Each structure stands twice: as structure tokens, then as C-alpha cells.
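# Descriptive analysis of the structure
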There are 2 protein chains.
Amino acid sequence: MKPVETSPLTRKLSAFVALSEIELGALERLHQRRRSFAAGSDMVHQGQSAQAAYILSAGWVCSYKLQPDGTRQIVDFQVPGDFLGLRSVLLRTSDHSFEPIVDVQAAEVLTSDLLEAFAQTPRLATAILWAASRDEAMVVEHLVGIGRRDAVARMAHFLLELGARLALVGMGSKEGFGCPLTQYHLADALGLSAVHVNRVLRQLREQGLVTFRDGHVTLHDYAGLVALADFDPAYLDQTGPLLT
Amino acid sequence: MKPVETSPLTRKLSAFVALSEIELGALERLHQRRRSFAAGSDMVHQGQSAQAAYILSAGWVCSYKLQPDGTRQIVDFQVPGDFLGLRSVLLRTSDHSFEPIVDVQAAEVLTSDLLEAFAQTPRLATAILWAASRDEAMVVEHLVGIGRRDAVARMAHFLLELGARLALVGMGSKEGFGCPLTQYHLADALGLSAVHVNRVLRQLREQGLVTFRDGHVTLHDYAGLVALADFDPAYLDQTGPLLT
């Protein structure tokens with residue numbers, strides 16, 4: 001029997017539950033339909049009737065809603081190990097769009113595959129629901145951020161969240177992480193203008209907290225940033241097997 | 001065999017899937033542990049380790065996150081037929097609090113009950129996941145509202161969403177609905193001050209669109225309100241069996 005490859009999703013779910021051989025096998029089978037998508041072209045359109053979800057294995061994606069006036073609100077970013085469009089499988093149309101920020105690799109998961117895996121391996125189902133619940137908790141935090149945090153705390157919180165998510169799949173640490181996002185992505189996610197994003201990043205840099213330059217976020221003062229953002233990572237629920 | 005009572009949740013899920021006798025029975029069993037909660041005292045605290053979710057059968061609840069500075073962001077309101085804390089069952093702590101706005105009745109659902117029902121009746125599981133997905137789509141809309149809609153469109157969108165949700169459980173129509181929310185609830189949900197909420201409601205009333213008075217929302221001009229808010233109810237996914 002060939003060893004099961006450790007996909008980012010496997011790595012992430014293992015923070016929640018110790019998966020058995022059978023469950024790992026079922027998870028591997030969900031990765032069978034490998035697809036590539038080029039940066040900039042939507043994988044799923046808002047309003048599209050979606051019969052598939054994706055597991056992102058490499059690259060970054062953003063999920064967003066376009067407003068009638070042409071502005072967009074980025075709801076979240078997806079990094080390796082994240083599901084895209086798990087919700088679209090259940091709702092009859094996708095309630096938002098997914099756009100690759102860089103070239104990405106993903107596994108297509110049909111609704112039928114997912115329901116079959118759920119029926120066969122209830123613990124895997126629970127682990128996937130954990131991941132979905134965690135995604136939802138992040139959207140709640142983004143709502144709180146836009147509704148209640150000032151621009152500097154909002155940015156700091158956002159960068160800390162990204163760092164923690166990436167650390168979970170081995171792509172970041174408390175020192176920093178690679179990050180392909182532009183100031184426009186940050187602006188659309190945080191409800192700020194690109195000019196305001198620049199000003200906020202400059203302020204954080206001048207305070208010696210964080211530098212975002214050339215596709216890399218360097219966290220100079222992790223504790224200081226946590227204090228500034230009042231960052232409590234409990235909602236990410238990844239402190240169990242992983243970080244103790 | 002005694003006829004199965006039509007709970008608001010049953011009514012809501014029936015918009016998604018025609019439930020069989022067996023599934024209706026499993027759904028009824030989830031309603032066994034009836035509990036009452038008084039207005040104003042939290043049912044679930046942020047940070048609490050929750051081993052139960054609730055199905056709301058009467059009354060209104062709000063879910064919120066408190067910020068360290070004492071402000072709060074209301075994430076959503078729950079009305080009869082809604083689940084509370086479905087996510088807390090999966091995450092190890094609750095990522096937000098639930099407070100009854102009026103005296104409420106709810107059925108307590110233990111994690112074990114839920115997983116057992118999921119294993120026995122996969123279609124019921126899918127229907128409950130549909131409801132959870134719909135809740136999540138609403139949080140996304142609230143994020144878009146706070147991030148991208150002006151105060152008047154945000155309020156109009158919010159009232160239309162509430163009306164559609166209540167219509168699904170027989171508690172509202174395109175003419176209006178009973179609503180126990182105060183200006184403070186609206187302010188905390190929409191990221192506005194109470195003064196701003198008053199001004200926005202006055203503007204909507206003076207434009208002949210909607211009146212919110214004495215616990216009742218009257219929609220004078222449903223189409224006008226839809227146009228103002230650019231309200232597209234597709235994300236509520238309730239146009240299938242119900243509204244065609």
C-alpha cells in the first residue's frame with residue numbers, strides 16, 4: 001500500500017482529529033480530480049449553479065461579492081488546505097465568486113463524492129464540518145473587524161489571522177509568511193481605499209511591528225501586534241494538538 | 001401515530017427538501033429537550049465550551065461578539081426555526097454569545113443527538129447543512145453591507161432580509177412583520193450609532209418606503225425598497241418549493 005500523501009487539507013484536519021487509515025484514504029480519494037486554474041479568471045461565478053466544491057492544494061484564491069456599483073467586497077482568502085465553495089454545493093447557486101490570485105492547483109469535489117465520503121466516514125465528515133465552521137468563524141471576525149475595529153487594528157488582526165492559518169499548513173510562523181496579496185486585495189477585504197491601506201501599512205512599519213514588502217510579511221514584534229489588534233486566536237481553534 | 005407537529009424548523013427545512021415520515025420523526029426527536037430563556041441573559045457565552053446547540057421555536061435572539069472596548073457587533077439575529085450555536089458544537093469554544101431579545105423557547109440539541117440524527121437520516125443532515133449554509137450566506141451579506149453599502153441601503157437590505165426570513169416560517173409577508181428589535185440592536189448590527197439609525201429610519205419613512213413603529217415593520221413600497229437596497233434574495237435560497 002503506497003503511503004498516503006500529506007495534503008495541506010490532511011495536515012489541517014489533523015489539528016482537529018487524528019485521522020485513521022480509512023479516513024485518510026477517503027480524504028485522498030477526494031483529491032482525485034486535479035485541476036489547475038490561472039490567476040485572474042473566476043473559478044466559480046456569483047449566481048452560478050455549482051455542483052462542485054474545490055480543495056485548494058497550491059496557491060491563493062479570494063472569495064468576493066461584486067456590488068452593483070462595481071465595487072467588490074472580498075469575504076475571505078483561501079490558502080492551501082482550504083475548501084472553496086463548500087457552501088455552493090448545498091445552496092442552489094453560489095452566493096459569491098472565487099478568483100485565483102496566483103496560478104492555483106485544486107481538487108474538484110463533486111457533491112456526490114462528498115455525501116458518499118460523509119456517509120462512509122462520519123469522523124471525516126465531522127472534521128470537514130469543523131473546517132467549514134472555522135471558515136465561518138473567520139467571516140464573523142471579518143464582520144467584527146469592518147464593523148468595530150479601526151483601520152490599523154483591522155489590518156494587524158487580518159495579518160495575524162493569515163499568519164496563524166498559514167502556520168497550520170506549514171507555510172508560515174510567528175516570524176512571517178509569503179503573501180501574494182496586493183494593496184487592492186487588502187483594500188477590498190478590509191473596506192479601505194488602496195491609499196488608506198498604504199498609510200496603515202506604513203504606520204505599522206514605522207512602529208516596528210510589521211513589514212509587508214516584495215511578497216513577504218515580516219512580523220517584527222508578534223506580541224506587540226497581538227496587543228495592538230487584541231488578537232485572540234481562539235476562533236481559529238487550532239491550539240489543540242498543534243500548538244501546545 | 002400522532003401527527004408530527006409542524007415546528008418552525010420543519011417548515012423552514014421543507015422549503016429545501018420534502019421530508020419523509022422518518023425524517024420528520026428524527027427532526028421531532030431533536031425537539032425533545034424544551035428549554036425557556038428569559039430576555040437579556042446570555043444563552044451561550046463567547047469563549048464558553050459548548051456541547052449543545054439550540055433550535056429556536058419561539059422568540060428572537062441575537063448573536064454577537066463583544067469587543068475589548070465594550071462595543072459589540074451583532075453578527076445576526078435568530079428567529080423561530082433557526083439553529084443557535086450549531087458551529088459551537090464543532091469548534092471547541094463558542095466564538096460568540098447568544099442573547100434572547102425577548103423571552104424565548106428553544107430545544108436543546110446535544111452534539112451526540114445531532115451526529116446520531118446525521119448518521120441515521122442523511123437527507124435530514126443535508127437539509128440542516130443547507131440551513132447552516134444559508135446562515136453563513138447571511139453573515140457574508142452582512143459583511144458586504146457594512147463594507148460596501150451606505151447606511152440607508154444597508155438598513156433597507158437588512159429589513160428586506162428579515163422579512164424574507166420571517167415569511168419562510170409564516171411570520172411575515174411583503175406587507176410587513178412584527179419585530180421586537182430596538183434602535184440599539186439595529187445600531188449594533190449595522191455598525192451605526194443609535195442616532196444614525198433614527199435618522200435613517202426617518203428618511204425611509206419620509207420616502208414612503210417603510211415604517212418601523214411599536215414593534216412592527218410596515219413595508220409600504222416593497223418594490224421601491226428592493227430597488228433602493230439592490231436586494232437580490234438568491235442567497236436566501238428560498239425561492240424553490242416556497243415562493244414560485
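Scroll up a little and you will see the structure.
Being a predicted model, the structure only gives us computed values, none of them experimental.

What follows covers the nonpolar core. Formed by 140 residues in total, the largest nonpolar core has its most connected members in Leu13(A) and Leu13(B). With near-sequence residues (within four places) excluded, Leu13(B) lies in contact with Leu19(B), Leu27(B), Leu124(B), Ala127(B), Ile128(B), Trp130(B) and Ala131(B). Core analysis: the next-biggest nonpolar cluster, separate from the first, contains 12 residues, Val139(A), Val140(A), Leu143(A) and Ile146(B) among them.

This part is about the interface of chain A and chain B. Taken together, the 44 residues of chain A in the interface contact 45 residues of chain B. For the chain A and chain B pair, buried surface summed over both sides reaches about 4000 Å², with 62% attributable to carbon and sulfur atoms. At the boundary of chain A with chain B, the tally comes to 4 salt bridges. Of the charged contacts, one joins Arg148(B) and Asp188(A) as a salt bridge, the two residues approaching to 3.6 Å between their closest N and O atoms. Remark: the boundary between chain A and chain B carries 4 residue pairs in polar contact (both at pLDDT 80 or more). If you list the elements that add at least two residues to the side of chain A that touches chain B, you get strand S4 (72-78), helix H3 (111-120), helix H4 (122-148) and helix H6 (183-190) of chain A. Examining the composition of the side of chain A that touches chain B, we find that 16 residues originate from one element, H4(A), more than from any other. Considering only residue class, the side of chain A that touches chain B consists of 21 nonpolar, 10 polar and 13 charged.

All right, on to the relation of the copies chain A and chain B then. For the pair chain A and chain B, the superposition axis carries a translation of 0.0 Å, the fit reaches an RMSD of 0.0 Å, and the rotation angle comes to 180 degrees. These values place the two chain copies in the arrangement generated by a two-fold rotation axis. The position closest to the rotation axis in chain A is occupied by the C-alpha of Leu143(A), lying 2.5 Å away. Comparing interface residues between copies, 100% of those in chain A also sit at the interface in chain B, which points to an isologous, same-surface contact.

All names here are of chain B. Here helix H5 (residues 151-168) spans 26 Å end to end across 18 residues, near enough to the 26 Å set by a 1.5 Å rise per residue. Burial of H5 is extensive: 17 of the 18 residues sit out of reach of the surface. Taking the backbone nitrogen of Val-152 as reference, a side-chain oxygen 3.1 Å away marks Asp-150 as the first, capping residue of H5. Backbone geometry just after H5 places Gly-170 at a positive phi near 75 degrees.

The next point concerns the packing of aromatic side chains. The relation between two aromatic rings is expressed through the spacing of the ring centres and the mutual angle of the planes. Overall, the coordinates contain 8 aromatic pairs over all chains when judged by the stated rule. Positioned above the aromatic ring of Tyr64(A) is the side chain of Arg72(A), whose terminal nitrogen or guanidinium carbon lies 4.9 Å from the ring centre.

A separate point is the layout of surface pockets. What the largest pocket holds in volume is close to 330 Å³. In terms of lining residues, the largest pocket is bounded by 14 residues, among which Phe118(A), Ala119(A), Ala125(A), Phe118(B) and Ala125(B) are the most central. Every element with two or more residues in the lining of the largest pocket is listed here: H3 and H4 of chain A together with helix H3 (111-120) and helix H4 (122-148) of chain B. Here the residues of the lining of the largest pocket are counted per class, giving 12 nonpolar, 2 polar and no charged.

Thresholds applied
Residues numbered from 1 in each chain as written. Chains lettered and ligands numbered in written order. Predicted model: local features only at pLDDT ≥ 70, side-chain atom pairs only at ≥ 80, totals over all residues. Heavy atoms only, no water. Core = buried A, V, L, I, M, F, W, Y, C linked by side-chain atoms within 4.5 Å. Buried < 20%, exposed > 50% of the residue type's maximum accessible area, 1.4 Å probe, protein only. Contact = heavy atoms within 4.5 Å. Buried area = accessible area lost by both parts, 1.4 Å probe. Salt bridge = Lys/Arg side-chain N within 4 Å of Asp/Glu carboxyl O. Polar contact = N/O pair within 3.5 Å; in protein donor to acceptor, adjacent residues only side chain to side chain. Helix = DSSP H or I, 4+ residues; strand = E, 2+ residues; numbered from the N terminus. Nonpolar A, V, L, I, M, F, W, Y, C, P; charged D, E, K, R; others polar. Least-squares fit on C-alpha atoms with pLDDT ≥ 70 in both. Expected span 1.5 Å × (residues − 1). Phe/Tyr/Trp six-rings, centres within 6.5 Å; stacked < 30°, edge-to-face > 60°. Lys NZ or Arg CZ within 6 Å of the ring centre and 35° of its normal. 1 Å grid on protein atoms, 1.4 Å probe; cavity = no way out; pocket = protein on both sides within 12 Å on 5 of 7 lines; lining within 4 Å. Points joined across faces, edges and corners; volume = space filled by probe spheres on them.

Such coordinate-based values are descriptive only and should not be taken to indicate function.
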